[in-house]
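If you want the building blocks of each chain, they are given just below.
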Amino acid sequence: MKEVNIEENIENRIIDLIIKGSEDRLIAFKPKEDTGSVDLVIKKRGDYTSKELSFQINIFIGHSKTESIVKNILQNNFIPSKDFYLMFICFDEVKQDVSNIWIISSFMFSEIAELQKSEDNKIILRFETTIVQEKKDKYARFLIDKKNLGNFLLEIIKTKEFKNL
């Protein structure tokens, strides 16, 4: 029997949210080759000249009552790019649903992430936020309603296309 990979199932749910939320105007797919940092690519459907957006997906699996979530990213493995974004997803294990999504451009993340040293003296970029929405922190402005995810990404693509004219 094939083992179910919960993170892959969550990524597939995100793809469904993007496609459904954009009313099929976007396509979302996983890269053919393992790049190490790109987990998802998004393009405008039928427009082969449009920019594609690349995402690194970071998934937190837990209960909705969990107050804070933390993700450390090695600075050496992180190369900001204008079309590269980080997506942080909180998956509620009890409700079996995506509860929170943060989307941050890689340039913005490199500016606001807290720098720390790991135990082996490597520099890490730290994402730390709360899922309790009443508590505001520096990442609160990047929180996206999952129902608006597709349209939000469509607007990013439209804005990037306009800037490139």
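Provided above is the structure to which this section pertains.
Just so we're clear, the structure is a prediction, and the values are computed from it rather than from any experiment.

Engineer: Would you mind going over the nonpolar core with me for this structure?
Structural biologist: Looking at soluble globular proteins, one finds that nonpolar side chains tend to be buried together. Ile14, Ile18, Leu40, Ile42, Phe55, Ile103 and Leu153 are the most contacted members of the largest nonpolar core, which has 25 residues in total. Contributing elements (two or more residues each) for this core: helix H1 (6-21), strand E1 (26-29), strand E2 (40-44), strand E3 (53-62), strand E5 (84-92), strand E6 (97-105) and helix H3 (149-163). Take this core: its biggest share by element is 5 residues, from H3. When neighbours within four sequence positions are excluded, Ile18 is seen to be in contact with Leu26, Ala28, Leu40, Ile42, Leu149, Gly150 and Leu153.

Engineer: Whenever I open this one, the sheet that holds strand E9 (residues 143-144) confuses me. Can you help?
Structural biologist: Strand pairing in a sheet takes place through backbone hydrogen bonds and is either antiparallel or parallel in direction. Reading across from one edge, E1-E2-E3-E5-E6-E9 is the order of the 6 strands in this open sheet, with mixed pairing throughout. The open sheet has two edge strands with one neighbour each: E1 and E9. Contacts from H1 reach E1, E2, E3, E5 and E6, with the element oriented near 125° to E3.

Reading the values: the criteria
- Residues numbered from 1 in each chain as written.
- Predicted model: local features only at pLDDT ≥ 70, side-chain atom pairs only at ≥ 80, totals over all residues.
- Heavy atoms only, no water.
- Core = buried A, V, L, I, M, F, W, Y, C linked by side-chain atoms within 4.5 Å.
- Buried < 20%, exposed > 50% of the residue type's maximum accessible area, 1.4 Å probe, protein only.
- Helix = DSSP H or I, 4+ residues; strand = E, 2+ residues; numbered from the N terminus.
- Contact = heavy atoms within 4.5 Å.
- Pairing = 2+ DSSP bridges.
- Axes fitted to C-alpha atoms, helices over the stretch in contact; angles between N-to-C directions.

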